[in-house]
Structure formats: C-alpha cells, structure tokens
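Here's the letter readout for the chains.
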Amino acid sequence: MNDKLEGKVALVTGGARGIGAAIARRLHAEGAAVAITDILSDAGQALAAELGPRAAFFHHDVGDETAWIDAMAAVTATFGRLDILVNNAGIFHPGEIAQTAAADVEHQFRINQLGVFLGMKHGQVPLRAAGGGCIINISSIAGQLGFPGAAAYVGTKWAVRGMTKTAALELAPLHIRVNSVHPGFIDTPMLENNPPEANQAGLEATPLKRIGKPEEIAAAVAFLSGPDAGFITGAELTVDGGWIL
Ligand code: NAD
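The present account deals with the structure reproduced in this document. Predicted model, so just to flag it, every value in this text is computed and none were measured.

**Observations regarding the packing of helix α4 (residues 102-129) against helix α5 (residues 151-171)**
So, point 1. Direction vectors running N to C along α4 and α5 enclose 15°, while the axes themselves pass 9 Å from each other. The angle between the axes of α4 and α5 places the two elements in the roughly parallel class. The handedness of the crossing between α4 and α5 is right-handed. Of the residues in α5, those touching α4 at Val105, Gln108, Phe109, Asn112, Gln113, Val116, Phe117, Met120 and Gln124 are Ala152, Tyr153, Gly155, Thr156, Lys157, Ala159, Val160, Met163, Ala167 and Leu171.

**Description of the pattern of salt bridges**
So, point 1. A complete count under the given rule lists eight salt bridges for this structure.
So, point 2. We note a salt bridge from Arg161 to Glu236, for which the minimum N-O separation is 3.1 Å. Highlighted residues: Arg161 in helix α5 and Glu236 in strand β7 (residues 236-239), separated in sequence by 75 residues.
So, point 3. The exposure class assigned to Glu236 is partly exposed, which follows from its relative accessible area of 26%.
So, point 4. For the salt bridge of Lys165 with Glu236, the shortest nitrogen-to-oxygen distance reads 2.7 Å. Here Lys165 is found in helix α5, whereas its partner Glu236 is found in strand β7, with 71 residues between them in sequence.
So, point 5. One continuous salt-bridge network, built from bridges that share partners, spans Arg161, Lys165 and Glu236.

**Quick look at the packing of aromatic side chains**
So, point 1. Overall, the coordinates contain three aromatic pairs when judged by the stated rule.
So, point 2. Ring centres of Phe185 and Trp243 lie 4.9 Å apart, and the angle between their planes is 70°; this geometry places the pair in the edge-to-face category. Here Phe185 is found in the loop between β6 (176-183) and α6 (196-205), whereas its partner Trp243 is found in the segment after β7, with 58 residues between them in sequence.
So, point 3. Following the ring pairs from residue to residue traces out a cluster consisting of Phe147, Phe185 and Trp243.
So, point 4. One Lys or Arg, Arg161, reaches over the ring of Trp158 and ends 4.9 Å from the middle of that ring.

**Things to note about the site of the ligand**
So, point 1. Within the structure, the ligand sits among 28 residues, and Arg17, Asp38, Asn88, Tyr153 and Thr188 are positioned closest to it.
So, point 2. At a separation of 2.6 Å, an oxygen atom of the ligand approaches a polar side-chain atom of Asp38.
So, point 3. Here a nitrogen atom of the ligand and a backbone polar atom of His60 are 3.4 Å apart.
So, point 4. Relative to its unbound accessible surface of 820 Å², the ligand loses 96% to contact with the protein.
So, point 5. Those elements giving two or more residues to the shell around the ligand turn out to be α1 (18-29) and α5.
So, point 6. Residue composition of the shell around the ligand, by class: 15 nonpolar, nine polar and four charged.

**Quick look at helix α2 (residues 41-51)**
So, point 1. Among all positions in α2, only Gly44, Leu47, Ala48 and Leu51 are buried. Across the axial projection of α2, the buried residues extend over an arc of 100°, all falling on one side. Facing away from the buried side of α2, by more than 90 degrees, are the exposed residues Asp42, Ala49 and Glu50.
So, point 2. Next to the buried residues of α2 lie α1, β2 (33-38) and β3 (55-59).

**Focus on the side chain of Asn112**
So, point 1. Turning to its location among the elements, Asn112 is positioned in helix α4.
So, point 2. Reaching out from Asn112, the side chain makes a polar contact with the backbone oxygen of Ile91 at a distance of 2.9 Å.
So, point 3. Apart from residues no more than four positions distant in its own chain, Asn112 is found in contact with Gly90, Ile91, Tyr153, Thr156, Lys157 and Val160.

**A few points about the pairing of β6**
So, point 1. Counted residue by residue, β6 has eight buried out of eight residues, so it is predominantly covered.
So, point 2. Between the parallel pair strand β5 (residues 133-138) and β6, the chain is carried across by α5, and the sense of this crossover is right-handed.
So, point 3. Note that β6 and β7 share four bridges and pair parallel. Looking across to β7, one finds that Ser180 is bridged to Glu236.

The rules we used
- Residues numbered from 1 in each chain as written.
- Predicted model: local features only at pLDDT ≥ 70, side-chain atom pairs only at ≥ 80, totals over all residues.
- Heavy atoms only, no water.
- Axes fitted to C-alpha atoms, helices over the stretch in contact; angles between N-to-C directions.
- Helix = DSSP H or I, 4+ residues; strand = E, 2+ residues; numbered from the N terminus.
- Parallel < 35°, antiparallel > 145°, perpendicular 65-115°, else oblique.
- Left-handed = near helix turned anticlockwise from the far one by under 90°.
- Contact = heavy atoms within 4.5 Å.
- Salt bridge = Lys/Arg side-chain N within 4 Å of Asp/Glu carboxyl O.
- Buried < 20%, exposed > 50% of the residue type's maximum accessible area, 1.4 Å probe, protein only.
- Phe/Tyr/Trp six-rings, centres within 6.5 Å; stacked < 30°, edge-to-face > 60°.
- Lys NZ or Arg CZ within 6 Å of the ring centre and 35° of its normal.
- Near = heavy atom within 4 Å.
- Polar contact = N/O pair within 3.5 Å; in protein donor to acceptor, adjacent residues only side chain to side chain.
- Areas by Shrake-Rupley, 256 points an atom, 1.4 Å probe, with all protein chains shown as cover.
- Nonpolar A, V, L, I, M, F, W, Y, C, P; charged D, E, K, R; others polar.
- Arc of directions from axis to C-beta.
- Right-handed = clockwise from strand over helix to strand, strands pointing away.
- Pairing = 2+ DSSP bridges.

Shown next, in the form of structure tokens:
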C-alpha cells in the first residue's frame, strides 16, 4: 500500500463494520490516522484496537447535533487536526410508500440526510482550521435512479447527492473539496434488509454479474481523499459494476 495519506487525519462515520470499516482500514493503510465513529461501540473499539495507535474509536450518533460537536472535539484533541471526513453512516429500511410509516421516513432522514448535513456543518470547522481538506459523502445508486419499494431511502440518497454539489460550491473558496460516492449492491450486513428476490434482481441488473466488495468502495474513497483527486470537487463517483448505465 502507498503512503499518499501520511500525516492526514480522517474521520469515518459508521466505521465499525461494512463499507465504513473497509474505508477506515484503507485510509489507515495509506498512512492516515483514523477516527472511527459509530453507535456500535464493541465493533468500533475492536477495529481501532486492531489498527493500533494511529486509530481511535468514538461513540457518535450522526443524527444528533451535540454528538457531532463532541466528536469534532474528540478527534482534534486526539489527533490534533482533521483533513478527511467520510460521511458513511446510513440505514436502509425498504418499504412501499403506502406501507411506510412517517416515523420510519423521519428515522432514515435523520441518519442518512441530516447526519450528512451535520457532518458538513461541523466537520468544516476543523477542516478550515487545517487550511482545507475534503469531504466524501456516501450516497448510493439509489441517489441516481428510482427504486420501487424504497422511496424513503432513495429520497435521502438523492438529497446527499444534491447537498454534495451545493457544499462543493460553498466550500471551494475554503479549499475543501466535496464529492459523493455511489455504490451499487455491496456485500455488507445492509443487504440483509432486502428481500432475497430484490438482491437477486440487483445481481441480474449488474453487468459485471457480481456483488461489489466493501474494499472496492474504500478504494474509490481513498482516491478521492488523496492528492490525485486534487482538482475533483462536486463529482459523483459511481462504483456499481455498471448497473446504472
Ligand atoms: P452497514 O449496515 O453494514 O453499516 C452501516 C454502519 O452505520 C453500521 O456500522 C451502523 O452501526 C452505522 N450507523 C447506523 N446508524 C448510525 C448512526 N445513527 N450514527 C452512527 N453510525 C450509525 O451498511 P453498509 O452497507 O456498510 O453501508 C454504509 C453506507 O453505504 C450507507 O450510507 C449505505 O446507505 C451506503 N450504501 C450501501 C450499499 C450496499 O449495498 N451495502 C449500497 C449503496 C449505498
């Protein structure tokens, strides 16, 4: 692995498992110090312990604004700065519109959409103090297409895409790049929320005829975090085996 991120400090939300854990591992392997945040304390602490002294875990609910203020204080107290913020935490509750309770829509909004908004609001403070940096928001191909049976989730992921482009414009003068990554179906516990026939349909809709690996999303995030992406902002990087073509 290269050392393109040496000296950088990254924060990955929802980093205890799945795609977030793969991102934390990859950024760490490229030399960054990594703050892993999640509501799953045991798994998050275990990953931080495995990675060693350049990693730390902080309990952090992304839908809670006070928790964001605390997380920023914790990461800067521990590592001194922040250069890379990955807004990855998310939940997926499928359901047709007629059967979905308003409370469930609000729950998905709070974590997937408000959580990303709060990350960009509070994350930009240490990023500005560091003289710039980058934010990577994990959306989905559900932020680029319609998916029957998942309107609440789809709404949050389209919102992440729109907020990313707006933040890219707003934060460019501060030398903060903001991009979104759009995974197709990736092999994580999240897919267990899908009915098996939906996962089978996803596989069939994927020209490369396989489910993606969390490490393949982590590679895209590492690219967008590093110096090779220095002129890329407001972009959406789709990593989906060709699904949306
Ligand atoms: P996952 O369920 O394996 O991991 C999500 C992580 O987010 C978990 O560790 C969970 O504890 C954490 N989390 C949930 N609520 C939280 C909260 N309130 N505060 C902090 N952390 C919280 O799912 P994943 O597949 O790794 O998903 C990661 C991201 O990728 C999500 O934003 C998801 O929408 C997106 N995504 C996943 C897929 C896929 O096929 N797996 C496809 C497209 C997009």
